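Below are the chains, spelled out letter by letter.
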Amino acid sequence: MPAFLKNNNFISLFLIFIGVTLIGFVFVWRIQQRILSFNSQPANAQQVEAKNIPGRITIPKIKLSLPIETSTIENKVWQISDTRVSFLDISAGLGQGGNTVLYGHNKQSIFGPIRWLKVGDEIGVTDQEGKEHRYIIDKTVTVNPDNISFVEPKTKETLTIYTCIGLFDSKRFIIVAYPVNP
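Residues numbered from 1 in each chain as written. Predicted model: local features only at pLDDT ≥ 70, side-chain atom pairs only at ≥ 80, totals over all residues. Heavy atoms only, no water.

How do you make sense of the overall build of the protein chain when you look at a structure like this?
For the protein chain, the count of helices and strands is two helices and 10 strands. What you see in the protein chain, going N to C, is helices and strands ordered as α-α-β-β-β-β-β-β-β-β-β-β. Taking all 182 residues of the protein chain together, the buried fraction comes to 40%. A sequence separation of at least 24 residues applies to 62% of the contacts in the protein chain between residues at least 6 apart. (Helix = DSSP H or I, 4+ residues; strand = E, 2+ residues; numbered from the N terminus. Buried < 20%, exposed > 50% of the residue type's maximum accessible area, 1.4 Å probe, protein only. Contact = heavy atoms within 4.5 Å.)

Okay, here's the thing in structure tokens:
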């Protein structure tokens, strides 16, 4: 056996180095997974009137009621709120016949509980003028972060809600819902 392997100090330092390197790698990977970045700019880019901007989301089944703030994509990264739900400003406004896209962090106080929702559950979104728009969940899906097809424009009114999920938030949990009375 080589002499340096018999030295307990060397082995201890080597193991500490390996441990710190692994922790650093996981930390950097986790941060990169949590950033909502896009390979290309979603093509939604719709003009949203103030009366159609989402202001609050309510999901009775999980006793959730949260304010929504408007956010943008800058340098292919969605600038999202740490404490509220974020409305993608280039997606459709409520009742405009397109895809309204909302994101909230996978925290118990934000969108962590949405993973327990099922097809047929109801979601209410109130616009800035106080009008409630009601939606029924049509499907839930888990995708890789690079799948942005769910934030692309739609031909009919759609509510798309998503959060991070999985080991180190490496996946995206998405809810697709349609108006109760289209």
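Is there a simple way to explain the nonpolar core in this structure?
In summary, soluble globular proteins display a tendency toward joint burial of nonpolar side chains. Counting residues in hydrophobic clusters, the biggest one holds 24 residues, and the most contacted among them are Ile57, Leu102, Phe111, Ile123, Val125 and Ile161. Among the secondary structure elements, those contributing two or more residues to this core are strand 1 (54–59), strand 2 (64–71), strand 5 (85–88), strand 7 (122–127), strand 8 (132–143), strand 9 (158–165) and strand 10 (171–179). If sequence neighbours within four positions are ignored, isoleucine 123 has contacts with Ile57, Thr58, Ile59, His133, Arg134, Tyr135, Ile137, Leu159, Ile161 and Ile175. Ranked by size, the runner-up nonpolar core spans 14 residues in total, among them Val143, Phe150, Tyr162 and Cys164. (Core = buried A, V, L, I, M, F, W, Y, C linked by side-chain atoms within 4.5 Å.)

Explain the packing of aromatic side chains to me, please; I cannot follow it from the model alone.
Any pair of aromatic rings gets described here by the distance separating the centres and the angle formed by the planes. Following the criterion strictly, the structure yields one aromatic pair and no others. A ring pair is formed by tyrosine 103 and tyrosine 162, whose centres lie 5.4 Å apart and whose planes are at 70 degrees; its orientation type is edge-to-face. Taken together, the residues tyrosine 103 in strand 6 (residues 99–103) and tyrosine 162 in strand 9 connect sequence positions 59 residues apart. Considered together, tyrosine 103 and tyrosine 162 belong to a single accessibility category, that of buried residues. Lysine 156 extends its terminal NZ or CZ atom over the ring of tyrosine 178, reaching a point 4.1 Å from the ring centre. (Phe/Tyr/Trp six-rings, centres within 6.5 Å; stacked < 30°, edge-to-face > 60°. Lys NZ or Arg CZ within 6 Å of the ring centre and 35° of its normal.)

For this particular structure, what's the right way to read unusual backbone geometry?
Residues other than glycine predominantly adopt negative phi, and peptide bonds predominantly adopt the trans conformation. Within the chain, lysine 63 stands out as a residue other than glycine whose phi angle is a positive 50 degrees. On the accessibility criterion, lysine 63 (79% relative accessible area) is exposed.

What exactly am I supposed to notice about a nonpolar patch on the surface here?
A surface patch of nonpolar side chains, amounting to about 670 Å² of accessible area, comprises Phe10, Ile11, Phe14, Leu15, Phe17, Ile18 and Leu22. Looking at where phenylalanine 17 falls in the secondary structure, it is placed in helix 2 (residues 8–34). (Patch = residues over 30% accessible without salt bridge, like charges linked within 9 Å, V, L, I, M, F, W, Y side chains within 5 Å. Areas by Shrake-Rupley, 256 points an atom, 1.4 Å probe, with all protein chains shown as cover. Salt bridge = Lys/Arg side-chain N within 4 Å of Asp/Glu carboxyl O.)

Mind showing me how you'd approach the sheet that holds strand 5 here?
In any sheet, the strands associate via hydrogen bonds between backbone groups, in a parallel or an antiparallel arrangement. Ordered by their spatial adjacency, eight strands build a closed barrel running 1-2-5-6-9-10-8-7, and the pairing between neighbours is mixed. Mean inter-strand twist for the sheet, computed between neighbouring axes without regard to direction, equals 30 degrees. Pairing between strand 7 and strand 8: five bridges, direction antiparallel. Of the residues in strand 8, the one forming a bridge with valine 125 is histidine 133. (Pairing = 2+ DSSP bridges. Axes fitted to C-alpha atoms, helices over the stretch in contact; angles between N-to-C directions.)

Sorry, what's going on with the layout of surface pockets here?
Empty space among the atoms becomes visible once a probe the size of a water molecule is rolled across them. There is about 190 Å³ of room inside the second largest pocket. Every residue lining the second largest pocket is counted, 13 residues in all, and those nearest its centre are Glu132, His133, Arg134, Pro179 and Asn181. Per element, the largest residue contribution to the lining of the second largest pocket is four residues, and it comes from strand 8. Across the lining of the second largest pocket, the residue classes break down as five nonpolar, four polar and four charged. (1 Å grid on protein atoms, 1.4 Å probe; cavity = no way out; pocket = protein on both sides within 12 Å on 5 of 7 lines; lining within 4 Å. Points joined across faces, edges and corners; volume = space filled by probe spheres on them. Nonpolar A, V, L, I, M, F, W, Y, C, P; charged D, E, K, R; others polar.)

What is the right way to read the pattern of salt bridges from this model?
It is possible for side chains bearing opposite charge to pair when their charged atoms get close. One pass over the full model with this rule turns up three salt bridges. As a salt-bridge pair, lysine 61 and aspartate 121 come within 3.1 Å of each other at their nearest N and O atoms. Residue lysine 61 is located in the loop between strand 1 and strand 2, and its partner aspartate 121 is located in the loop between strand 6 and strand 7; the two are separated by 60 residues in the primary sequence.

Would you mind showing me how to read the environment of histidine 105 here?
With respect to the helices and strands, the residue histidine 105 is situated in the loop between strand 6 and strand 7. Classification of histidine 105 as buried rests on a relative accessible area of 6%. A polar atom in the side chain of histidine 105 sits 3.4 Å from the side chain of aspartate 82. (Polar contact = N/O pair within 3.5 Å; in protein donor to acceptor, adjacent residues only side chain to side chain.)

Scope: geometric values only; no functional claims are made or implied.
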